[in-house]
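# Geometric and topological summary
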Amino acid sequence: MASPVSNGAERQSGSLVVVRSVDEVTSETFVRITADGSVTAYNGHVDLGTGIRTALGQIVAEELDVSFARVVIVLGDTALVPNQGATIASETIQITAVPLRKAAAQARQFLIARAAERLELPEVDLRIEDGLVRGHDNRSVSYGELIGGEEIRLELADDVAVKPVGDYAIVGQSVPRVDLPAKATGELTFVHDIRVPGMLHGRVVRPPYAGVDAGPFVGTSLLAVDESSVRDIPGLVAVVRIGDFVGIVAEREENAIRAAEQLKVSWKPTPALNDLSDVETALRANPSTPRTLIDKGDVDAAISGAAKPMQRTYVWPYQMHASIGPSCAVADFADGNIRVWSGTQNPHVLRSDLALLIERPESEIEVIRLEAAGCYGRNCADDVTADALLLSRAVGHPVRVQLTREQEHAWEPKGTAQLIDVNGGLDANGGIAAYDLATRYPSNAAPTLALLLTGRIASEPAVLQMGDRTAIPPYDYDHMRVVAHDMPPIVRASWFRGVSALPNTFAHESYIDEAATEAGVDPIQYRLRYLRDQRAVDLVNAVAERAGWTPRPVREEKYGDIVHGRGFAYALYVHSKFPGYGAAWSAWVADVAVNKTTGDVSVTRVVAGQDSGLMINPDGVRHQIHGNVIQSTSRALREEVSFERGAVAAREWGAYPIIPFPDVPKIDVLMLPRADQPPLGVGESASVPSAAAIANAIFDATGVRFREPPFTPERILRGLHGAAPATPQALPARAKPSSHIWENPFAKRAGIVATIAAVCTAAIGIGAALLPGRAIAPIARPDASVYSAATIARGQQLAAFGNCAECHTTRNGALYAGGRALETPFGTIYATNITPDVETGIGAWSYPAFERAMRDGLHRDGRQLYPAFPYTHFSKTNDADMQALYAYLMTQPAVHATAPANTLAFPFNLRQLLAGWNALFHQTKEFKPDPAKSEAWNRGAYLVESLGHCSGCHSPRNALGAEQGNAYLAGGFAEGWEAPPLTSLSHAPIPWSEDELFAYLRTGHSRYHGVAAGPMAPVVRDLKALPDQDIRAMAVYLNSFNDAATDAVALAAKLESATQVTTGSSTGARLYQGACAVCHEVGGLPLFGSRPSLALNSNLHSATSDNLIQVILHGIAAPVSSDLGYMPAFRNSMSDAQIEELVTFLRKQFAPDKPAWTGVRETIARVRTSTH
Amino acid sequence: MTQTPIRLTVNGAIHEVAAAAETPLLYVLRNDLALNGPKYGCGLGECGTCTVLIDGAPARSCVIPVSGCAGRDIVTLEGLGTRDKPDVVQQAFIDEQAAQCGYCLNGMIMTTKALLAINPRPTEQEALAALRYNLCRCGTHVEILRAVMRASGQLTEAAD
C-alpha cells in the first residue's frame, strides 16, 4: 500500500469516482481511481493506532483486484472523506468499511464491464491482475486506460455484489502495517509534528476545578489575569482570556511553557465539589432516571422464592484513557479558510463544535486529521483543537497548542466509575433463580472544553443513555430484569474502551462465578447451562481446552504465602445504541499469583480466545488482542483516578500508574477461524472479560471475592485480613551510637563575665560604649595595572572559593553588583555591590578599608556590617590571600547599582548592637596552624575556616545568629535547606570518609551520600577554582571530625538490597515507582547523569525532611556539572498530599531505622512557597 | 536567561542553537532541528517517549537543559536509520510490528539501542527490566519484547 497522505486526491486527467450524494450540491467520495491507475479510498473513521488504515487498504485492494501497494487510504480529513461519525465502538471494520467495500466492488464491476466491451469478450472470460484486465487471448487493458480522459462518476449502489470469501487473496492474509516503517524511523508526521509557516506556540491555563465540567462555576470562575506577571517572557505574543478560557501565545515553545507557568491568574474559590473518596455513595446520590432494558419472567417472585438469595454490589473506579502523548493541535484561522490539524477521533463532530465555538459556518472549516497517541476513546484531542483555534483567532497566526501531561491527566474525560447492583440467588436446584441488575454510569459525551469554558454552551450536563452496553447478560436466565439508571456525569467523563460493557460484564461474570461456587458446579460448566449462542459455546469450549482447564466443582484451598488461582470469564461485547449489536465474542482464562503477605497480584498468563468472524488482517487482530489484554489487565490491577476535594488529583504517571513491562502476563491468543462470517470489531472485545476473569482467579487463589477493582495490594490485604491491613510495621528506631559533639578548634572562647557584659551591652544597646569604627577616607579607584596578572588570577580563585558571587550577584544580574535578598531569621538583608564602582560599590575603598571590612565587619564609613557577611571567617584569611582578593575585585568591571535597603525588624535594624555581638562572637585573628597536626590538616583547616566558611552554614546558630562554637559543624540551616552535620553527628547511613569527602567536594557527587543540591551546588562549582591538593586538604581536615572508617562497599550493598522496592503497596510506593525509580532504582539501565541511591542518601536519613522536599518540589536544575544529570521539579505535577505520601514512603522505605518525620505537610507548604 | 548560542552535535552534525540555556533539549531538537523522533510525553522523565542518546547513554530529553548538552554527542531516532536504510533495531521493530499508535516507539527503540550497546544478548528478564520505565499504553509489550530479542539475534521463532 502506498504511503498515507492526508491531502492527496489531486485531480488527474481522468478519473472514476464512486460517490454518495448527500444533497443536490454535496456528495461524499468513497473510491477514486485515476487514469494513472492509482487508487485512493476515503473513510470517515480514523486510525487510532489500531492499524485500520492497513486493513481498509486490504479490503479495497481485494474488491478492486489491485495490488495492496496501489491503494492509498485517506482518513478523517473533513474536506475529503465521508461523514461516518466518530471512530468508536470498534465499528470501523464491522460497519464503516461496508460502503467502502461496496464502492470498490462497484468500481470493479463497472471497469470489468467496460473492459469486456473494449476487448469484445464476455466478462466471465476476463481475469484481473493488479488493475490489468486480461482476456484469454492475452489482450489486456488497464483500469487507467479504461478511464482515460473521462470523468466517470458512479452513485454508490446499495445492492452491490461483493466478492465471495472463497476468492479472497488479500483479505485474510497477514499484512505488515503500512505506517510502521515511518513510525520506527521518526518519519511519520504525527499531529504533534505539524509545523506550518509562521506558526506560534500556545499553552493554556486551566481552571482550578480540575476535571469537572458541570456546575454554575464552569466558565464563570475567572477573576483576573495579571499580564504584567509575564512581561519578562521573550517573544510573548498574547495573553488571551475568554470566560474561564486562558491561553498564552509566544514565539518559542519553551517561552510559552514558562509564560503559562508564570502567569498570575486569580480564580474564585471553587464551591465544594462531590466527594469522590467513596465512589459508591457518590453514584447512589447522583440523580438518575431508571430505564428498563429487559423484564422477563417474574423477577420479584423468583427472588423472594430463592433458596439462597444473593445480593451483590460491584463498583468500578474512575479510570483514564491515559494517552501516552498529551493532546496537541495546530490551528490556522484565516478568513473563510480555517484549517485545523487535529488528532481527533471524530473530525466531523469536531468541525461542528468548532463552528459553534467561533460562530462561523462549518463549510469554512477544514479538519485535517493526523495520527496522534492512541486514545482508546475520547481524550483531550478535540479540546486542544478548539484551544488552538481560539488562540489562532486571537493572534492572526497559526498556533500550535500542546497540552501538558498534567492537563491531559486532569482534564481528559474520564472512563467513568460505575455501580452495578445485582439481586438474585439460587433456586433449589442450584440454578440462577433470578437476575435483577441495576447499573449506574455517570458519563456523557464530554462537550469540547472550550465551549464550556468560554460560555458558548451551558454547563448543564447532558444525560446520555450509554450505561446499557452489554448490560443484559449473555445468559438465558428465566427471570431477569435489567435497569439502566441514566445519569449525568459527576466529573467530566466520556467513553473509554469497553464503555459500560466492561464494568457490566465484570458484574455478570463475577456473579455467575459466585453462583457456580455456591451451587458447587464448575464455573465453565455452569455458564454453559445458560449459554444458547452456539458461537459462544464453541468459543468457551475452545478456550477451556486451550488453557487446559480442569473442571473444579469445588474450590481447592491453597496454602503458602504465594497462592495461585485460575479464573474464567466470557463476553459478547454488545455496543452502540440499545439494543445495539455484538462485536467479537471473547473469553479469557486468567492465571494469577497472589502474595498474601504483600497483597501483590500478578497475572501470570492469559489465554484469550476470540471469534471475530472473518479476520481482514490476522496479525493485526492478534496484536489488537495483545494490546487489549495488557491494557485491561493494567486497568483491573492498578488503575484508579484519585481525587482531592472532588477535583482530579492524579496529574502524572506516579499517581496514575499503568502496567510496566515486567508485569505483563504471558498471553496465548486463540483466534477461531470464521472466514465465512462477516468481519467484526476485534480489539475492544478482548478487554471486556478481563476484570472478571482476574477477580475470579483471585477468588480461586484466596477464597475471597473482590468486587471492586483495581485489585491493588491494599485492597487485597484488606480483603484477606479484614479492615486492619497487616502492613509490615516499621522497624523500631535504632539508637544512634553515641558520637562526639565537636568544638570548633578555632572558636572564640568567651569567659562568663565577658559574655554577661556583652549580652548586657547588646541588650541595652549602649552603642556608645563600643563605638563603631571611624570612617576610612575614600581613595581614587586603584589603577588595575598595579596588580600582577598572577595576583589577579589568585584573587579570582579565592573569590570563587569564598563564594562571593553567590550572595553578591542576583539571578541573571551583573557579577558582584549586589542586590540579592538574603532571608535571615531577623529579616531580609540585601547583599551590597562589591564591584569597584566609586559611588555604589567599593571603588573608593583603600586596601585597609577592605581588610577592615573583611576582618572586623566594618564598612568603609565606619558602620557595622551584618554578620550575614561572614567576616567572622574571612578574618582568618592570610594577608597574601586578602591582598590578592582585593586586587581581583578592584580590577573587575564597575557596575553602578544600589542595593535595596534592608528590612530588618527592631531591634536588629540597629547596627550599633552589632558591636556587642562582635564582642561576644567575633575575634579578629588570622589563622594559626596547629603544629601537632599534619600540613594537609592545617591547610584544610585554613581553607574551611577562612574563605571557605563551611561552618557558616554547617554549624547551628544561637538565638543571636552566631555559630555555636561548641557544636562545630554539627549541622545548620541555610536558605531553606538543611546543611547537614559534617562530623560524626552525620545522619548518613554510611559515615563520611576522606575519599568520599574529596569526591563530593571535587565533583558534587558521592556514591555513598548523593549529589550536591540547593545552595551546596554553587559552592562545589566554585571549588573548581581550587587544585586537587587543596580539596584533599579540606577532606583531611573535615574527616578528622568523623569516626573511624567503615567498609562502605559492604554496607552500601547491604542497605541497598534491604530496601529494594518490589511492590507498589501504597500510594507513596506507586508515586516512587512512577516518578522516582527510573533514575533512583539501584541497578537499572544506566541513564545520562548520576543515579543517586536513596538508601544511602543523607537527606533520607536526616532528622528533617527539608532537603528531600526541596529537591522533589524544585528539582535540581543547576547541578554542579551536567555530568551529574538533572532532576525535574514536581511542584506543578503533585499535590501536597501526594508529596506527603511520597516523602513518608521514602523515609520508611529507605531509612527504615529512623523515626517517621513529623510536620511533613507543613514543611511541604513552606518549601513550596520558598524561592529556592 | 542568557542567549549565547549553544553548540550541539546531533546525529553527527554540528548545530548552533540560540535557545535559552534552561530550555529542555527536547524542544530544541524538535523545534529548532525539526527532529520529530523524540516526543513530549510527560516533561518529568517518567514515560521515556523523549529518549535520545547522549554520549551513548539513554537520556530523557524533556528534563535535560540544552546547556547541559553543549559539546556532547546526541543521537536521535533519525540518527539511527531511515525508512530506506533502517538500523537493525528499527528493522526488528518493523519486522515484529512492534507499535500500535507508535508514540512511545521512539523511546522503546532508543532504550533498546542503549541496552544492546552494553548488553548485546540480554535475557528476556533483562530486556523487561531495561524497558521497565518506558511506558506503552496500547499494550504493545509482547511485540516490543520480541523486537528486542530479534534485534539481539536471539528470537526463538516458536515463542509467541
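Cut-offs used in this document
- Residues numbered from 1 in each chain as written.
- Chains lettered and ligands numbered in written order.
- Predicted model: local features only at pLDDT ≥ 70, side-chain atom pairs only at ≥ 80, totals over all residues.
- Helix = DSSP H or I, 4+ residues; strand = E, 2+ residues; numbered from the N terminus.
- Rg over C-alpha atoms; globule rule 2.2 N^0.38 Å.
- Contact = placed C-beta atoms within 7 Å.
- Buried ≥ 20, exposed ≤ 12 C-beta atoms within 10 Å, placed from the backbone.
- pLDDT = per-residue confidence, 0-100.
- Nonpolar A, V, L, I, M, F, W, Y, C, P; charged D, E, K, R; others polar.
- Axes fitted to C-alpha atoms, helices over the stretch in contact; angles between N-to-C directions.
- Left-handed = near helix turned anticlockwise from the far one by under 90°.
- Core = buried A, V, L, I, M, F, W, Y, C linked by C-beta atoms within 7 Å.
- Expected span 1.5 Å × (residues − 1).
- Parallel < 35°, antiparallel > 145°, perpendicular 65-115°, else oblique.
- Pairing = 2+ DSSP bridges.

### Topic: the overall build of chain B
Broken down by element type, chain B carries six helices and five strands. Helices (α) and strands (β) of chain B occur, in sequence order from the N terminus, as β-β-α-β-β-β-α-α-α-α-α. Relative to the compact-globule value of 15 Å for 160 residues, chain B shows a C-alpha radius of gyration of 16 Å, a close match. Principal-axis analysis of the C-alpha atoms places the extent of chain B at approximately 55 × 30 × 25 Å. Once local pairs closer than 6 in sequence are excluded, the contacts in chain B between residues at least 24 apart make up 56%.

### Things to note about the overall build of chain A
When its secondary structure is counted, chain A shows 35 helices and 35 strands. A buried classification covers 56% of the 1172 residues belonging to chain A. Considering only contacts in chain A between residues 6 or more positions apart, those separated by 24 or more positions represent 76%.

### Section: the confidence of the model for chain A
All names here are of chain A. Residues with a pLDDT of 70 or more make up 95% of chain A, whose mean pLDDT is 92. Contacts from residues 3–12, a stretch scored under 50 in pLDDT, to residues over four places away or in other chains number 23 contacts. Predicted confidence is poor over residues 725–738, with pLDDT under 50, and the contacts of this stretch with residues over four places away or in other chains come to 13 contacts.

### Thoughts on the interface of chain A and chain B
Each side of the interface is counted separately: chain A has 63 residues, and chain B has 66 residues. Examining the composition of the side of chain A that touches chain B, we find that eight residues originate from one element, helix 15 (residues 618–638) of chain A, more than from any other. Grouping the constituent residues of the side of chain A that touches chain B by class yields 33 nonpolar, 20 polar and 10 charged.

### Concerning the packing of helix 21 (residues 847–856) of chain A against helix 23 (residues 879–890) of chain A
Residue and element names in this part refer to chain A. For the pair helix 21 and helix 23, interaxial distance at closest approach is 10 Å and the crossing angle is 115°. Taken as a pair, helix 21 and helix 23 cross one another with a handedness that is right-handed. When helix 21 is examined against helix 23, the residues Tyr847, Phe850, Glu851 and Met854 are found in contact with a partner set consisting of Met882, Gln883 and Tyr886. Among the residues forming the contact of helix 21 with helix 23, the class breakdown is five nonpolar, one polar and one charged.

### Structural notes on the environment of Ile324 of chain A
With respect to the element layout, Ile324 of chain A can be found in the loop between strand 15 (308–316) and strand 16 (328–334). For Ile324 of chain A, a count of 30 C-beta atoms within 10 Å translates into the label buried. Put simply, Ile324 of chain A and Arg405 of chain A are 81 residues apart on the chain and 8.8 Å apart in space, counted from C-alpha to C-alpha. For Ile324 of chain A, the contacting residues outside a window of four places in its chain are Ala373 of chain A together with Gly41, Cys47, Thr49, Tyr103, Cys104, Leu135, Cys136 and Arg137 of chain B.

### Notes on the nonpolar core
All names here are of chain A. Counting residues in each nonpolar core, the largest one holds 392 residues, and the members touching the most others are Val31, Ala41, Val60, Ile694 and Ile698. With near-sequence residues (within four places) excluded, Ile698 lies in contact with Gly565, Val592, Val594, Val601, Phe706 and Phe711. In terms of nonpolar packing, the next biggest core, distinct from the first, is built from eight residues, Ile829, Tyr866, Leu914 and Phe921 among them.

### Points about the environment of Ala438 of chain A
With respect to the helices and strands, the residue Ala438 of chain A is situated in strand 21 (residues 432–442). Once the C-alpha coordinates of Ala438 of chain A and Leu80 of chain A are considered, the two residues, 358 residues apart in sequence, prove to be 44 Å apart.

### Details of helix 23 of chain A
Residue and element names in this part refer to chain A. With 12 residues, helix 23 extends 16 Å between its outermost C-alpha atoms, agreeing within 8% with the 16 Å of an ideal straight helix rising 1.5 Å per residue. The buried fraction of helix 23 amounts to nine of the 12 residues, a majority that puts the element mostly inside the structure. When helix 23 is considered as a whole, its buried residues turn out to be Asp881, Met882, Ala884, Leu885, Tyr886, Ala887, Tyr888, Leu889 and Met890. Summarising the contacts, the buried residues of helix 23 are in contact with helix 19 (789–801) and helix 21.

### Topic: the packing of helix 31 (residues 1067–1080) of chain A against helix 34 (residues 1136–1150) of chain A
Residue and element names in this part refer to chain A. Contact pair helix 31 / helix 34: the axes reach a minimum separation of 8 Å and the direction vectors enclose 90°. Regarding the angle of helix 31 to helix 34, the classification is roughly perpendicular. In this structure, helix 31 uses Thr1067, Gly1068, Ala1069, Leu1071 and Tyr1072 to contact helix 34, whose residues at the interface are Gln1138, Glu1141, Leu1142, Thr1144, Phe1145 and Leu1146. Partitioned by chemical class, the residues of the contact of helix 31 with helix 34 number six nonpolar, four polar and one charged.

### Let's talk about the sheet that holds strand 8 (residues 151–155) of chain A
All names here are of chain A. The sheet built from five strands is open, its strands ordered 4-3-2-1-8 with mixed pairing. In the strand order of this sheet, the two ends are held by strand 4 (71–75) and strand 8, each with one partner. Across the sheet, the mean angle separating the axes of adjacent strands is 25° when strand polarity is ignored. Strand direction decides the pairing type here: strand 1 (residues 15–21) and strand 2 (residues 27–34), joined by seven bridges, are antiparallel. Looking at the pairing, Val18 lines up with Val31 of strand 2. Sitting on the sheet, helix 1 (residues 52–64) is in contact with strand 2, strand 3 (39–43) and strand 4, with an inclination near 130° to strand 4.

### Considering unusual backbone geometry
All names here are of chain A. Along the chain, Phe578 connects to Pro579 via a cis peptide bond; the corresponding omega equals 10°. Tracing the backbone shows Pro579 in the loop between strand 23 (562–575) and strand 24 (581–595). With an omega of 0°, the peptide bond between Pro709 and Pro710 qualifies as cis. With a phi angle near 70°, Asn138 is a residue other than glycine that sits in the positive phi range. Mapped onto the secondary structure, Asn138 falls in the loop between strand 6 (132–134) and strand 7 (140–142). Positive phi is not limited to glycine here, since His949 has a value of about 35°.

### Overview of the pairing of strand 16 of chain A
All names here are of chain A. Most of strand 16 sits inside the fold, with six of its seven residues counted as buried. Of the pairings in the sheet, the one linking strand 16 to strand 19 (residues 399–402) comprises four bridges and is antiparallel in character. Residue pairing across strands places Ala331 opposite Val399, the latter belonging to strand 19. If you look at the hairpin formed by strand 16 and strand 17 (residues 337–342), you'll find two residues sitting between the two strands, and Gly336 has a positive phi there, around 75°.

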